[in-house]
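# Residue-level structure breakdown
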Amino acid sequence: MLMHSDSIINEYVSLAKSMKGDAKAEKDTVHIVVPKETLVNTASKLFNEYNCDFRTCVGVDERPLNGYFSVTYIFTDNKNGLYILVKTYTEPQNPVIPSIVKTVPGADWCEMETRDLLGIEFADRDQYRLVLPSGWPEEIHPLRKDIPYNYRPPIRSVSEKITPSTELGVIPIGPYHPALHEPEYFELYVEGERVVDVKYRGFHVHRGIEKLAETRMTYQQVNFLAERICGICGFEHSTCYALAVEKAAKIDVPERAQYIRSIVLEVERIHSHLLWLGVAFHVVGYDTGFMHMWRVREKIMYLAELLTGSRKTYGLNLVGGVRKDINEEKKQKTLETLKETEKDFKKLVEVAISVPQVKKRLTGTGILPREDAVKLSVEGPVARASGVNKDARRDQPYAAYKYASFKIPVYTEGDNLARALVRVDEVLESISIIEQLLDRIPRGPIKLEDFEIPEGKTGVQVVEAPRGGDIHFVITGHGKPYRWRVRAPTYSNIPALKIMLKDQPLADAPLTIASIDPCFSCTDRVLVVRENSKTEWLKLAPGVQI
Amino acid sequence: MNTLHYTIYSAIGVIIGLTLPVILDGVERKIKAILQSRIGPPITQTLYDLIKLVNKEIKPIHTSPFILLYLLSFIATSIASIYMVETYVYTLESIYITLGLSLLAVSLTSLTLTPLLVPNPFSYAGGMREVILALINESAFILSTTLYAAITNNLAQLKSATTPSMLLSITTAALTMFISGYALTGRVPFDMAEAEPELASGVLVEFSGSLLAAYMYCNLLKRLLVNLIIVSVTVTPLIGESAYSLAAVYALTIVLWVIFAITAVILGRSRIDLAPRTLTKTYILLLALSITGLLVHAYA
Amino acid sequence: MSIVKKAIKPVEVLVIAGKTKRVTVKYPYQEPILSPEFRGSIEINPEKCIGCGACVNACPPNALEMIESQDKKTLRYYVGRCIFCWRCIDVCPVGAIKGTRNFELATNDPLDLYTYIVHSKAECSSCGNKVETVKMRKYIMQKSPITENYVNKCPDCRKKSFINAISTRKVGFHGE
Ligand code: SF4
Ligand code: SF4
């Protein structure tokens, strides 16, 4: 960990004091508690004056503990590697807290999610249903502790079917859409071949894993559930969860385990970026590039299996360490594979980017200006392609990243090409990180056998996944997390699509949507509405909010 | 050779011409697979696909009964066109290539219009894209082919064929012919009508069973027809009249198919607002050069 | 010159293709490419298993379940839920579970996906309830011979008599 100088922490403490609150620092986390009245002010100070990065917010039903609901806004001070948690309580009868959306636009979704799942109202903002399906009863808030995990409310299902129109001008795309291999629902309003407006609707298959972990699973089992949040970067989630629990419980994990985690995290980043590049080539019709990129990726997949026992969903992490060691033979094989991959990859990218159609369609499309990137708190390659220099591996070093030196590629163009190039550069950096770590890996045990996890402690962790920062927030409980909140990077990146898609040709939309490397988990539905200069051809059955 | 021989050979040629595309598409898929380091499907895969499709039921679509008629008319005109081109190969009379080209125009029109008959927005949008491309490519193809055939056929009269302006005229015409011919075959980067992901297979979306098989077959036949015309126009003047010229033409058609297949492997897909613009510019430039060259040659 | 070079750069993909060997295999006619570390489904050795239930507690997706009845305890493995994590192998005290490299699990009969291991339960010598399995009792006996006195009892009665014994010992002649 970085040395956190006292003066900086004191600044945050005095900020809390000036806001009639209190603060307490624990390692790299500053816990601030403020009364509701000063919440907006505090958030605005942190976001605008301290230039903290907003990550997400978490609602907790603390009624069994202290009779209140709480909401915690998670900020990070990337310069000093600090987590700033701003917590406020609200009484259970009529839980309302002021919204910070006006000052911190990135908080839009997480506030609405908290409203849906915990029934905490946010004042001074527009209210809409984000997560729960339209037929779900108003008064049932599934993350409240008095709702059992297997409770099924009577749902009056509301048809969201789009009436297919035979009139020319309406192009419904979906429900299963071949362009986007994952689930989402966009409405692109088009004039001719040009997109004029975008609306998004997601969360069709909210899986309720947070509830599941808080009720039915044990600390060690949740690792395996966390890994299944994403089919591509699952290991980031399980690492993030394990690190958050370890931080809350103040467990010191053996160094060797941390090295192995970092190594496997980078292996996963490489395969994820290769996968994305392949998909991007496929979307622009360059199938040969796609096939060869995936051929190169296959070697990495084999490597992942060799290091962990599985191509995907590695099952490697436990709270307290990892389950599989890297021996000399595996180390040699890894180095060999990386060397081959690097050579293949460089050559292939060079050729692929030179294909005129690929270059033309990537350059200058789907631009996200820097101001918007900052305002919306976007994550990962999307942020770095728009000139926002942030990467949790350097800013909040976790696992073994402090032992490796690496560059963080930043581009300022903000277009699809920049997002592609960020990923290309990161693949090469990842290869070098793995080589360095394998070279320096210390001997020793790979997991702690005996440790205690005290109850009621809070741990927050950011892990830089291929798509951006994953956030896991854990409050420990009895044998299992009391509260576990997950935020994947796409959650922050989707709102930015609206800006990227606007005024772009329709044919670029799939590429631009793909360019944030989205990771949704529900049904994939896109609706394109063609606008005949004045008339809006929009045919939706009741039940769909637009 | 007498007329009877021509007729028999040409008939055999037509039959080969009708079956060849199915096999050649299999070859194309194999080439693609090899260049992508895959095993890929067997060469007969396209045939299997079509047979399987024919045996499946057709999902009824609300469209005019003309749709099958369009496809049938495409096949009929294609046969006629193949026959004309073959006759041109034997006789070297430019009237036949002109006939073949006009038949091609008719057949392409019916194929392009088919998706517009289907009342489905994807189909419609894809069809519109196809129409835009077809308008540009067809005219460029027919113009350049005629031009090329006219120049090469009259080489004897034009005598001094080696002047630079003459060469320029021939090469630019040939280039236009190849590019527009390639674009007409609907391969990458010009497969926007059906392959662009946001359109969900656009023109194909409502077709099923034997109707889909017929549509796909027609598209393959279109490729063959275009290839055949390019080859006949380019090489027959060189071979001259010979009993084997038809066989040579077919052999080279296969070669051209393979070349096109490899080209498609190397490229990515263009965008619907870019492709027509780029193509139009290229064609106008090339054809202008060609005509200028010809004029300079004739009057200088 | 460099312009031409740039223009023909895409063609180099053919060189790449030429240099690489074919990477796909004719699965299922050829062996799939698996690393030596690959984790597949598990096999439970019914001879060794003592029905302790440790694996059931560890299994994240509930692929292993213990079904209780009057005098039987059945360990059920449903491979359809199994995520091949091998946590069960880690925790089994007697090493009854073996990992395999098998992942080709498609079947026409869904019942093929279940494996059952049936244990008979041992009767408690004092209350007559049946709680743990016969084999479990044997295992405890082997591991700690001291418990011989209580081994024929169910855990509840065992605890009771243990506490009784201690309290008697501590308090001495309590009754007098
Ligand atoms: S391998 Fe994992 S999922 Fe499968 S039975 Fe064992 S513990 Fe359960
Ligand atoms: S842990 Fe081993 S002995 Fe215990 S029930 Fe499972 S398989 Fe049987």
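Since the structure is predicted, the reported quantities are computational estimates derived from the model, not experimental observations. (Residues numbered from 1 in each chain as written. Chains lettered and ligands numbered in written order. Predicted model: local features only at pLDDT ≥ 70, side-chain atom pairs only at ≥ 80, totals over all residues. Heavy atoms only, no water.)

The next point concerns the overall build of chain B. Within chain B, the secondary structure is distributed over 11 helices and 0 strands. In sequence order, the secondary structure elements of chain B are arranged as α-α-α-α-α-α-α-α-α-α-α. By the compact-globule yardstick of 19 Å for 300 residues, chain B fits well, its C-alpha radius of gyration being 20 Å. Oriented by its inertia axes, the alpha-carbon framework of chain B measures out at about 60 × 45 × 45 Å. Every one of the 300 residues in chain B was classed for burial, and the buried ones make up 53%. A fraction of 82% describes how many contacts in chain B between residues 6 or more apart in sequence connect residues 24 or more apart. In the form shown here, chain B has an accessible surface area of approximately 12500 Å², with 74% of it arising from carbon and sulfur atoms. For chain B, the separation between the mean place of its 16 positive charges and that of its 15 negative charges on side chains is 7 Å. (Helix = DSSP H or I, 4+ residues; strand = E, 2+ residues; numbered from the N terminus. Rg over C-alpha atoms; globule rule 2.2 N^0.38 Å. Buried < 20%, exposed > 50% of the residue type's maximum accessible area, 1.4 Å probe, protein only. Contact = heavy atoms within 4.5 Å. Areas by Shrake-Rupley, 256 points an atom, 1.4 Å probe, with all protein chains shown as cover. Lys, Arg positive; Asp, Glu negative; His and termini not counted. Charge placed at Lys NZ, Arg CZ, Asp CG, Glu CD.)

Tallying secondary structure elements over chain C gives 6 helices and 6 strands in all. The order of helices and strands in chain C, counted from the N terminus, is α-α-β-α-β-β-α-β-β-β-α-α. Taken along the three principal axes of its C-alpha coordinates, chain C extends 115 × 40 × 25 Å. Scored against the burial criterion, the 176 residues of chain C give a buried share of 32%. Across chain C, the fraction of contacts at a sequence separation of at least 24, relative to all contacts at a separation of at least 6, is 60%. Approximately 11600 Å² of chain C is accessible, and the part contributed by carbon and sulfur atoms is 55%. For chain C, the separation between the mean place of its 28 positive charges and that of its 17 negative charges on side chains is 8 Å.

Moving on to the interface of chain C and chain B. Between chain C and chain B, the residue contacts involve 12 residues of the former and 6 residues of the latter. Between chain C and chain B, the buried area comes to about 760 Å², and carbon and sulfur atoms account for 74% of it. The largest per-residue losses of area from chain C upon contact with chain B belong to C:L14, C:A17 and C:R22, which jointly make up 46% of the total buried on that side. Put simply, chain C and chain B have 0 salt bridges between them. Our count for the chain C to chain B interface comes out at 3 residue pairs in polar contact (both at pLDDT 80 or more). (Buried area = accessible area lost by both parts, 1.4 Å probe. Salt bridge = Lys/Arg side-chain N within 4 Å of Asp/Glu carboxyl O. Polar contact = N/O pair within 3.5 Å; in protein donor to acceptor, adjacent residues only side chain to side chain.)

With the rule as written, the count across this model stands at 57 salt bridges over all chains. A salt bridge links A:E26 to A:K24; its shortest N-O distance comes to 3.7 Å. Accessibility expressed as a relative area gives 23% for A:E26, which makes it partly exposed. Assessed through its relative accessible area of 49%, A:K24 is described here as partly exposed. Note that C:E37 is salt-bridged to A:K324, the shortest N-O span being 3.1 Å. You can see C:E37 sitting in the loop between α2 (12-19) and β1 (42-44) and its partner A:K324 sitting in the loop between β12 (321-322) and α10 (328-354), one on each of two chains. Within the structure, one salt-bridge network assembled from shared partners comprises A:E266, A:R269, A:R384, A:D391, A:R393, A:E426 and A:E464.

Bringing the nonpolar core into the picture now. All names here are of chain A. Membership of the largest hydrophobic core comes to 100 residues, with the highest contact counts inside it found for Y241, Y286 and W484. No other element matches the 16 residues that helix α8 (residues 255-283) contributes to this core. Here W484 is in contact with I209, E210, A213, E214, V222, L225, A226, I229, Y241, H472, F473 and V474, once residues within four sequence places are set aside. Core analysis: the second largest hydrophobic core is formed by 60 residues, A16, A43, Y73 and V131 among them. (Core = buried A, V, L, I, M, F, W, Y, C linked by side-chain atoms within 4.5 Å.)

What follows concerns helix α2 (residues 39-49) of chain A. All names here are of chain A. Taken together, the buried positions of α2 are L39, T42, A43, S44, L46 and F47. For α2, the secondary structure elements touched by its buried residues are α1 (6-18), β3 (53-62), β4 (68-77), β5 (82-90), β6 (96-98) and α12 (370-375). Positive phi appears at N51, one or two residues downstream of α2, with a value of about 55°.

Another point: the confidence of the model for chain C. Residue and element names in this part refer to chain C. With 91% of its residues at a pLDDT of at least 70, chain C reaches an overall mean of 86. When mean pLDDT is taken per element in chain C, β1 scores highest with 96 and helix α6 (residues 155-171) scores lowest with 74. Scoring of the predicted complex yields 0.88 for pTM and 0.87 for ipTM. (pLDDT = per-residue confidence, 0-100.)

If you check helix α9 (residues 287-308) of chain A, its first and last C-alpha atoms are 30 Å apart, about what 22 residues at 1.5 Å a residue would give, namely 32 Å. Positive backbone phi, approximately 105°, marks A:G309, located one or two places after α9(A). (Expected span 1.5 Å × (residues − 1).)

Residues and elements named next belong to chain C. Direction of pairing for strand β3 (residues 72-78) relative to strand β5 (residues 114-123): antiparallel, over a ladder of 7 bridges. Within β5, the position partnered with K73 by the bridge is H119. Examined bridge by bridge, β5 and strand β6 (residues 130-133) share 2 bridges and lie antiparallel to one another. Each residue of the ladder has a partner; that of K121, found in β6, is T133. (Pairing = 2+ DSSP bridges.)

Take the sheet that holds strand β14 (residues 468-476) of chain A next. What holds strands together in a sheet is hydrogen bonding between their backbones, with the strands either parallel or antiparallel. All names here are of chain A. Reading across the sheet, the 3 strands line up as β13-β14-β15 and stay open at both edges, with antiparallel pairing between neighbours. Looking along the sheet, the strands with just one partner apiece sit at the ends: β13 (458-465) and β15 (481-487). Averaged over all adjacent pairs, the angle separating strand axes in this sheet is 15°, with direction ignored. (Axes fitted to C-alpha atoms, helices over the stretch in contact; angles between N-to-C directions.)

Time to look at the state of the cysteines. A covalent bond between the sulfur atoms of two cysteines is what we call a disulfide. Residue and element names in this part refer to chain A. This model, assessed by the stated rule, comprises 1 disulfide over all chains. Bridging C57 to C110, the disulfide has an S-S length of 2.3 Å. Residues C57 and C110 are joined by a disulfide whose S-S torsion is about 115°; by sign, that bridge is right-handed. Of this pair, C57 sits in strand β3 while C110 is found in helix α4 (residues 108-118), placing the two residues 53 residues apart along the sequence. You can see C52 has no disulfide; the closest cysteine sulfur is in C110, sitting 15 Å from it. Given the relative accessible area of 3%, C52 is considered buried. Between C233, a free cysteine, and C230, which holds the nearest cysteine sulfur, the sulfur-to-sulfur gap is 3.5 Å. What makes C233 buried here is its relative accessible area of 2%. (Disulfide = S-S within 2.5 Å.)

A word on the site of ligand 1. Taken together, C:I42, C:C59, C:P61, C:L64, C:Y77, C:C82, C:I83, C:F84, C:C85, C:W86, C:R87 and C:C88 make up the full set of residues adjacent to ligand 1. Here the residues of the shell around ligand 1 sort into 11 nonpolar, no polar and 1 charged. (Near = heavy atom within 4 Å. Nonpolar A, V, L, I, M, F, W, Y, C, P; charged D, E, K, R; others polar.)

Further remarks concern the side chain of A:H271. Tracing the backbone through its elements, the reader meets A:H271 in helix α8. Beyond its immediate sequence surroundings of up to four residues, A:H271 is in contact with A:I232, A:R297, A:I300, A:M301, A:K312 and A:Y314.

A separate point is unusual backbone geometry. Note that the residue after B:V188, namely B:P189, is joined by a cis bond; omega there is 0°. Residue position: B:P189 is located in the loop between α7 (164-184) and α8 (192-195). For the bond from C:Y27 to C:P28, the omega torsion is 5°, close enough to zero to count as cis. Considering the arrangement of structural elements, one finds C:P28 in the loop between α2 and β1. The phi dihedral of A:K250 is positive, around 55°, even though this residue is not glycine. Assignment of secondary structure puts A:K250 in the loop between α7 (234-249) and α8. Here C:N62, not a glycine, exhibits a phi torsion of approximately 60°, which is positive. With respect to the helices and strands, C:N62 occurs in the loop between α3 (54-58) and β2 (64-68). The exposure class assigned to C:N62 is partly exposed, which follows from its relative accessible area of 26%.

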